[in-house]
Amino acid sequence: MPETPRPRVPRRAAVATVALLLAAAGTTAAAQKPPTVADLRADVNQDGRVDVAGTSDEAGEEGWRPGRGAVFLANVDDDARRCRMRPGDLDRIDPAVDERLAACHDGADERVNGERDEADLAPLRVPPAPVGDEASGRVEVAAAQRPYVRLFVRRDGALRVLRGPLTAGELRAGAELALEGRDIVRDPRHWDGEVTLTLAVTDRGRTTSDRVRLKVAPVLFQNDLQRAERVFAARPAPGHGVAPGRWGVGDVYRPREWRPFASSLIRAAGAAGLSRRDVSFTAGTEQWWRDIWRQDMVEPAVAGVPAPGGGVHSMRVLLRAPVLWAPPEGGKTTLSRSARLLFRDFRGPDVGVVQQFTPGREPNGVDLQNFTGNFESVPPYEGHPHGRVLYGTAPHRAPDPAFVRMIEAQGRQPAITIDTSWLLVGHVDETVHVVRAGNERGWTLAVADPRQAVELLRHAQRAGEGGQRLFADTSAERKPTVDALLADDAFRAGNEEAARRIDDQIAVLLRETGLSRRDLVRVPVLYKTLGAEADGPMGAIAYSPSIANGLSLTARDYAAPDPHGPKVGGRDLFRTATQKALAAGGVRVHWVENFAWSHLAGGEVHCATNALRDTSGSARWWHTDPGGR
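Residues numbered from 1 in each chain as written. Predicted model: local features only at pLDDT ≥ 70, side-chain atom pairs only at ≥ 80, totals over all residues. Heavy atoms only, no water.

Draft legend 1. A look at helix 8 (residues 450–462). An ideal rise of 1.5 Å per residue puts 18 Å on 13 residues; helix 8 measures up with 18 Å between its terminal C-alpha atoms. Within the sequence span of helix 8, burial applies to Pro-450, Ala-453, Val-454, Leu-456, Leu-457 and Ala-460. Around the axis of helix 8, the buried residues are gathered within 155° of arc, so they sit on the same side. The positive-phi residue at the C-terminal boundary of helix 8 is Gly-464, with phi of around 80°. (Helix = DSSP H or I, 4+ residues; strand = E, 2+ residues; numbered from the N terminus. Expected span 1.5 Å × (residues − 1). Buried < 20%, exposed > 50% of the residue type's maximum accessible area, 1.4 Å probe, protein only. Arc of directions from axis to C-beta.)

Take a look at the structure:
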């Protein structure tokens, strides 16, 4: 049977028909296309960048674990130097001054103060998405976390505070956000340092969401093995003759004694490789220049986050001592005014100042337990990759609980506490100091040893030098002979009691750090107990300059107070014993003349100085969990 011929359709009509069919199919597909899925990205893989094109920052973004989780800085520095002191701020007896000074920092305003400030923000990205014209996106923070962070969005080329939703155009083009931390963790009962951001995108009648969790960088104490980059100390104000000591005992040091201290400290720093400009001396005002205790006004610390290329972007955070001061003539209790110098001399780009104390707490005596000479640290060791905080405490003489709670809340440097209440001043730096060692961990503790000091006096006496005078080449009013000290039963008993107290401290330190007794470096220090006749608290204080209370300039360079000890054959026995003990660990001693400038006032080189150290290798906290693994 012959085939029936097909009707012929013009070619142009056929093409038009196919186009109509395809268009209809496309319209149907578009109508059935699901809404865009919300996508919020942060630097979850901790490489210093946000991956928009790939997926490296997506897995695990809603949780946080070591090595996987986004982090951010507390933006407490002053990159544009806009926080300025007002005339009279240093001297005004008014707690409102301290509140105002501490409240001004980059995280306190709603601006990004230049490129340097932008670098302190955590980057966030919303990748481009094919949304409809009515789409919108909202980034939400839980109400309890909201006071601690601020969100910015880039619009018209500048980062501005994010208020309201992201527009459909921003979602289609991709949005650049940034998170600013407004504070460090102070009390985990109020905020634990974590923030969860939720992006909710509403498109074509349906809402999808994506969450990212971030953690604020903890503030980590520096340690004495790190090289000092800047050393600072006090100098006297012109026109002043004498000043009281730390516990109010008479006129004990004089401005003319500052120059030998300053020149010997500069020489020590130069021998350690620091330049002259790395050592600075500043004064406050005529009313309180005598507060020379730079160690006691601040504990330097650091916070850091990952930077591109495997680096660290860090910020110094200076923790102001929670020392309260009540005017003797009555009036409002304030924080110790000398620490206001931190706002004048240090706060600026990449340097912030944080103060934390218990409001309404009255000073306990002269509040010595709250000076930051009582807050130190030990370097990293097995199980504690960031080291540990060390401070002195006792039930009847404990530091400010709010300050301690803030330190413990950082979660990376669990504290070691020892009893320092038997000391008149009561600081950990009076008896122990971290020094380099040749052991497996690379460090140990130099420990004040009264028994060794008394034995060296006996050695001098046996050598026929019992008539040698201690402190012979100083301006001390009393320069006792070796024989006189050894004949003083109360003096010897007091040193034995100090030795027993230090034994108790050592027992705690060995247990907590895993050091052995043979690791310890013993340095000779004589003690004397002062009582009620001193018109102040009772306790032991270094009678000879405490060699343990010195300043590490590098891991191999130690600036120690010159002990002015007994001499045999023209050699200072205290110096010789110290140099030999520290040399075994590769440490050189540089002697600093601080006898009249600080020793007679109740402190030593460490108390009268402070240092900002090279912390570049210490801030990678995000790879470890709070347990140190």
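Draft legend 2. Inspection of the sheet that holds strand 28 (residues 551–554) at higher detail. Read across the sheet, three strands follow the order 28-29-32 without closing on themselves; strand pairing throughout is mixed. Looking at which strands have only one partner, the edges of the open sheet turn out to be strand 28 and strand 32 (588–592). Within the sheet, the average angular offset between the axes of one strand and its neighbour, ignoring direction, is 30°. The sheet contact formed by strand 29 (residues 557–561) and strand 32 spans five bridges and is parallel. Bridge pairing in strand 32 places Tyr-558 opposite Val-589. The strands touched by helix 5 (residues 258–271) within the sheet are strand 28, strand 29 and strand 32, with strand 32 carrying the most contacts at an inclination of about 160°. Strand contacts of helix 11 (residues 573–583): strand 29 and strand 32, with the helix running at about 145° to strand 32, the strand carrying the most contacts. (Pairing = 2+ DSSP bridges. Axes fitted to C-alpha atoms, helices over the stretch in contact; angles between N-to-C directions. Contact = heavy atoms within 4.5 Å.)

Draft legend 3. Fine view of helix 10 (residues 489–513). Under the 1.5 Å per step criterion, the end-to-end length of helix 10 is 36 Å for 25 residues, consistent within 8% with the ideal 36 Å. Regarding helix 10, its N-cap is Asp-488, as a side-chain oxygen of that residue lies 3.1 Å from the backbone nitrogen of Ala-490 further along. A positive phi of about 80° marks Gly-514, the residue just after helix 10. (Polar contact = N/O pair within 3.5 Å; in protein donor to acceptor, adjacent residues only side chain to side chain.)

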